[in-house]
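# Observations on the three-dimensional arrangement
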Amino acid sequence: MGSIVPEVVSFAARNTKEVGDVLGIGADKRVKWAEGLLERGPVKGTIFYAGEMYPVMGYSEGAFKILKRVEGLMNINHLAKVGPIMRKLGIYTVGMNSLWGGINRRYEKALQDAVKVLRGLGVEIGFLFEDEPPSGVALHTYGLLREFQEHANWVHRRLKELGVKKIITLDPIVATAFRLYYPEFVPGWDVECYHFVEVVAERMAELGLKFDLGRRIKVTYHDPCYLARTLGVVDEVRFILSRIEGVELVEPERRGIFTGCSGDGGLELTQPPVARKVALDRVMELKKTGANLVLTSCPACILMLRTGFDFIGQRVGVEDLASLIAEAMARGSERVEGEVKNFKRYRVFPKSPHFDSLSLEDLSRVLKMETDRCKKCGFCNVECPTSKAMNRLESRSSRGRVTLINSLVSGDPVRPKEVLDRLYTCVLCGRCSQECPAGLHVQELIVYGRAYAIYSGTIP
Ligand code: SF4
Ligand code: SF4
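By convention here, each chain's residues receive numbers from 1 onward along its written sequence. All chains are assigned letters beginning with A, and all ligands numbers beginning with 1, in the order in which they are written. Owing to the predicted nature of the model, reporting of local features is limited to residues with pLDDT of at least 70; listing and counting of side-chain atom pairs is limited to 80 or more, with chain, interface and lining totals taken over all residues. Each side-chain value is derived from all of the structure's non-hydrogen atoms; neither hydrogens nor water enter the calculation.

## Considerations on the overall build of the protein chain
Note the cut-off: A run of DSSP states H or I qualifies as a helix once it reaches four residues; a run of E qualifies as a strand once it reaches two. Both are numbered from the N-terminal end. Under the scheme applied here, a residue whose accessible area is under 20% of the maximum for its type counts as buried, over 50% as exposed, and between as partly exposed, the area being computed with a 1.4 Å probe on protein chains only. Pairs of residues are marked as contacts when any of their non-hydrogen atoms sit within 4.5 Å. Computed with the Shrake-Rupley method and a 1.4 Å probe, the accessible areas treat only the protein chains shown as cover for residues.
Each helix and strand counted, the protein chain has 22 helices and eight strands in total. A buried classification covers 62% of the 460 residues belonging to the protein chain. Partitioning the intrachain contacts of the protein chain with sequence separation of at least 6 by distance along the chain shows that 81% fall at a separation of at least 24. Element-wise, carbon and sulfur atoms account for 51% of the exposed surface of the protein chain, whose accessible area totals about 18200 Å².

This is the structure in structure tokens:
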């Protein structure tokens, strides 16, 4: 297995900062899906926020196919080097389209479907088009926390200038950023954010709505880590599906807050073979349900699950839940008694560690204090998807990552390659934190460990 070369991290970070999305596709292409569908600017302070992933994920699919074909000859780091040159020459997007096998429009359709559903439920929303400031969540994921802090404060100022008070998004990673990371990094953050399924479930209950799909279908639902485990949104999805006539839901073994990872978490860029192995494990489990269609609510999960099914040569459809709701809604609805539902918000993780600042002193002090609490029990390793995908190597397990962070901040000699191979092969799924008897928020320690490794110069 090749080790991670840092070019891809700087490629993703540079594109996020300069162009607004990891692949560097650009705002003009990212907003095309909304033309003629949404009005410009917030409506009563509320916007639909597309984020950086849905509009570009169709390009990623092509990239993945190419990477698979050329594996062994070149990797994503080579493409990462070529990308900026192509962009400078003005042939970036055109080049990527032809090189990466064209754009899959399903992700943009999911955004359009989500808007239609929200509108159909009487939710008033506008869209910022090219003015939509990218959340910058990739900077957080890759551990560029100082850059993320600066970016997030700029985003807050932009949203205020544009009159945004409330965000509704289809992207659970963006929802996590606005709900959990922004309040931590932006003093006075006061913008509300909801995921699409929260708003839809609440409105369907309130209006007493039921839809009819007009056909019978057996579906399974893949809970995205960020939606179920991180934000604790689980029951809304089941409620929505129970209100669609014709849908039979068959649940996979790992579901809800104990969901299995699809192989996302930035890993599809940094370590495609590992990402594919994780995805494969998950699709085998989803296949066992006997469902004809897999639904989910995250663009990266759709991509990974489609890649996984492709890999095993199975033609199982993978679709965004928003698209199924839109299809059922378009066929008509019936009314039952309306009710106000208070959906349970699951709290899964231990308390987050508190960092006074992002100085090296504070980072190392808190990381040392936290990782010293590790009992070395290894309970976290059992369900770690990347540990499983990498033959249970201790160095690539949850415990191995915690141990490495401890060595790093204790001043023990640590090679850059070791940091990259261990810390950047984690998908940040959070499954480890659910099992830790010492109450360590492991995936958060990994993000801050990445930050320490970058700012201390351990990795270039
Ligand atoms: S270390 Fe934790 S967050 Fe990272 S892949 Fe393993 S279980 Fe997921
Ligand atoms: S479960 Fe917690 S205490 Fe046990 S090895 Fe993992 S991080 Fe350490």
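Picking up where we left off.
## Overview of helix α6 (residues 106–120)
Counted only if it meets this: Multiplying 1.5 Å by the residue count of a helix minus one yields the expected span of that helix.
For α6, which comprises 15 residues, the first-to-last C-alpha distance of 20 Å matches the rise-based estimate of 21 Å (1.5 Å per residue) to within 8%. For α6, the full list of buried residues reads Tyr107, Glu108, Ala110, Leu111, Asp113, Ala114, Val115, Val117 and Leu118. Positive backbone phi, approximately 80 degrees, marks Gly122, located one or two places after α6.

## Topic: the pattern of salt bridges
Our working rule: Here, a salt bridge means any side-chain nitrogen of Lys or Arg that lies within 4 Å of a carboxyl oxygen of Asp or Glu.
For the structure shown, the criterion picks out 31 salt bridges. Across the pair Glu108 and Arg105 runs a salt bridge, and its minimum N-O distance is 2.7 Å. Residues Arg238 and Glu251 are paired through a salt bridge, measuring 2.9 Å at the closest nitrogen-oxygen approach. Separated by 13 residues along the polypeptide, Arg238 in helix α12 (residues 235–242) and Glu251 in the loop between β5 (244–249) and α13 (267–270) bring together distant segments of the chain. According to the relative accessible area criterion, Arg238 is buried, its value standing at 17%. On the basis of relative accessibility, which here comes to 28%, the residue Glu251 falls in the partly exposed class. A single salt-bridge network, built from bridges that share partners, covers Arg254, Asp281, Arg282, Glu285 and Lys388.

## Here's the deal with the pairing of strand β4 (residues 209–222)
Defined as follows: Any two strands with at least two DSSP bridges between them are considered paired.
Examined bridge by bridge, β4 and strand β8 (residues 333–335) share three bridges and lie antiparallel to one another. Residue Lys210 lies in a different strand from β8, and its bridge partner there is Glu334. Where β4 and β5 come together, five bridges link them in parallel fashion. Considered in β5, the bridge of Asp212 is made with Glu245.

## Re the packing of aromatic side chains
The condition that has to hold: The aromatic pairing rule takes the rings of Phe, Tyr and Trp, using the six-membered ring of Trp, and pairs them if the centres are within 6.5 Å, calling planes under 30 degrees apart stacked, those over 60 edge-to-face and the rest tilted. Two conditions define a charge sitting above a ring: the NZ of Lys or the CZ of Arg must be within 6 Å of the ring centre, and it must be within 35 degrees of the ring normal.
Enumeration over the complete set of coordinates arrives at 12 aromatic pairs. Here the aromatic rings of Phe127 and Phe129 are separated by 5.0 Å at their centres, their planes lie at 65 degrees, and the arrangement is edge-to-face. Connected via pairs of aromatic rings, a cluster forms that spans Tyr49, Phe148, Phe178, Tyr181, Tyr182, Phe185 and Trp189. If you follow Arg146 out to its NZ or CZ, it ends over the ring of Tyr455, 4.1 Å from the centre. Above the ring of Tyr424, the side-chain terminus of Arg450 is found at 4.5 Å from the ring centroid.

## With respect to unusual backbone geometry
Although it is not a glycine, Lys44 sits at a positive phi angle of roughly 50 degrees. Relative to the assigned elements, Lys44 resides in the loop between α2 (27–30) and β1 (46–49). Of the residues examined, Lys44 reaches a relative accessible area of 68% and is grouped as exposed. At Leu428, a residue that is not glycine, the phi angle is positive and equals roughly 60 degrees. Mapping Leu428 onto the fold places it in the loop between α20 (416–423) and α21 (431–435).

## Some words on the pairing of strand β6 (residues 293–296)
To keep things clear, this is the line we draw: By definition, the crossover connecting two strands over a helix is right-handed if that path, from the first strand to the second, turns clockwise as seen with the strands pointing away from the viewer.
Covered by surrounding structure in β6 are Leu293 and Leu295 together with Val294 and Thr296, the residues of both alternating faces. Of the pairings in the sheet, the one linking β4 to β6 comprises four bridges and is parallel in character. Each residue of the ladder has a partner; that of Thr220, found in β6, is Val294. In the sheet, β6 pairs with strand β7 (residues 317–320) via four bridges, with the strands oriented parallel. Bridging from a neighbouring strand, Leu293 pairs with Gly317 of β7. This β-α-β element, β6 to helix α15 (residues 299–311) to β7, shows right-handed connectivity.

## Some details on the layout of surface pockets
Quick note on the threshold: A pocket, in this scheme, is an open set of points on a 1 Å grid over the protein atoms alone with protein on both sides within 12 Å along at least 5 of 7 lines, while a cavity is a set where a 1.4 Å probe fits but cannot get out; residues line either one if an atom lies within 4 Å of a point. Grid points are joined across faces, edges and corners, and a volume is the space filled by probe spheres set on the points. Think of it as three bins: nonpolar holds Ala, Val, Leu, Ile, Met, Phe, Trp, Tyr, Cys and Pro, charged holds Asp, Glu, Lys and Arg, and polar takes everything else, Gly as well.
Approximately 740 Å³ is the volume found for the largest pocket. Along the wall of the largest pocket there are 33 residues; nearest its centre are Leu180, Tyr181, Glu184, Ser352 and Glu444. Elements supplying a minimum of two residues to the lining of the largest pocket: α7 (137–141), α9 (172–185), α11 (225–230) and α22 (442–455). If one sorts the elements of the lining of the largest pocket by residue count, α9 sits on top with five residues. Partitioned by chemical class, the residues of the lining of the largest pocket number 16 nonpolar, nine polar and eight charged.

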